[in-house]
Amino acid sequence: MALIGMGFAVLTRVFYVSFLQSEQLQVFTNLLTKRGFVYGRKKFQPQEIFLRTAAIGATVAAAGKLFTVSGKPAAASEAKTAPVMSPMKMYVCAVCGHIEFGSAPDNCPVCHAPKDKFTLNDAVFSDAMKKFPDKADSHAPAISIKKESSLIPDMPCKEVRVRVGKMMHPMEEAHHIRFIDFYIDDKYVDRASTSIHLYPASTFYLKTMGGSKIRMVELCNLHGYWQTEAEME
Ligand SMILES: [Fe+2]
């Protein structure tokens with residue numbers, strides 16, 4: 001997208017310099033109209049039209065610096081995004097969708113539903129990956145870890161950031177992320193609730209310096225469960 005936008009801007013500028021200011025164009029435009037192009041009530045001179053077009057091209061080029069052709073954010077290179085499947089037993093809460101690893105809890109740590117609301121389902125992640133093999137980039141949570149926090153510099157603190165996914169997932173009524181659950185060593189820590197008014201992203205500020213593995217689990221209303229693991233740094 002960046003190359004297309006920059007090319008568009010350069011070509012438009014070259015065209016403007018080499019042709020728009022030439023006498024030939026003046027003759028050409030005089031043939032079309034002697035008073036400039038009229039759109040609605042506003043009259044645009046040809047020079048203004050092409051300068052505005054060049055500005056649009058430059059804007060597209062600038063946007064292209066933020067997003068590559070595939071829509072991946074350039075600044076997310078540190079993020080770890082490979083979706084994983086877990087060998088552990090997984091129990092899914094029928095009330096809030098939370099997943100517990102290893103065994104069903106007495107009560108759901110998110111919605112407090114009793115144990116009988118949990119169902120063993122070891123295929124939640126593999127089902128999504130099989131059904132939607134081309135959706136990993138927009139669904140697998142992207143995790144990045146900072147060993148120090150600029151918000152909490154006076155205390156031991158790690159910043160764990162997550163977004164869904166490398167390609168930003170839509171947040172609309174018809175298609176959205178319902179939640180992102182955060183685990184350390186397969187133990188649930190917290191849930192980032194989501195809204196269609198927000199991007200599906202969050203930051204957790206860790207007090208604990210322990211643990212060796214971080215896991216993020218998200219649920220899409222259309223494409224099911226996706227998870228990513230990252231080594232604690
Ligand atoms: Fe989705």
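Residues numbered from 1 in each chain as written. Predicted model: local features only at pLDDT ≥ 70, side-chain atom pairs only at ≥ 80, totals over all residues. Heavy atoms only, no water.

Looking at this structure, how should I read the overall build of the chain?
If you tally the helices and strands in the chain, you get five helices and twelve strands. When the 233 residues of the chain are sorted by exposure, 38% land in the buried category. Intrachain contacts of the chain at a sequence separation of at least 6 include 63% that bridge at least 24 residues. Accessible surface computed for the chain: about 13800 Å², of which carbon and sulfur atoms make up 60%. (Helix = DSSP H or I, 4+ residues; strand = E, 2+ residues; numbered from the N terminus. Buried < 20%, exposed > 50% of the residue type's maximum accessible area, 1.4 Å probe, protein only. Contact = heavy atoms within 4.5 Å. Areas by Shrake-Rupley, 256 points an atom, 1.4 Å probe, with all protein chains shown as cover.)

What is the right way to read the nonpolar core from this model?
Soluble globular proteins tend to pack their nonpolar side chains together in the buried interior. Ranked by size, the top nonpolar core spans 18 residues in total, and within it Ile 143, Val 160, Ile 180, Phe 182, Phe 204, Ile 214 and Met 216 carry the most contacts. Mapped onto this core, the elements with two or more residues apiece are strand 6 (141-146), strand 7 (158-164), strand 8 (177-184), strand 10 (201-206) and strand 11 (213-220). Ranked by size, the runner-up nonpolar core spans eleven residues in total, among them Val 92, Phe 101, Tyr 183 and Leu 219. (Core = buried A, V, L, I, M, F, W, Y, C linked by side-chain atoms within 4.5 Å.)

Is there a simple way to think about the side chain of Glu 100 in this case?
Residue placement: Glu 100 occurs in strand 4 (residues 99-101). Buried charge without a partner: Glu 100 forms no salt bridge, and the closest opposite charge is Lys 187, 6.4 Å away. At a separation of 2.7 Å, a polar atom in the side chain of Glu 100 contacts the side chain of His 98. (Lys, Arg positive; Asp, Glu negative; His and termini not counted. Salt bridge = Lys/Arg side-chain N within 4 Å of Asp/Glu carboxyl O. Polar contact = N/O pair within 3.5 Å; in protein donor to acceptor, adjacent residues only side chain to side chain.)

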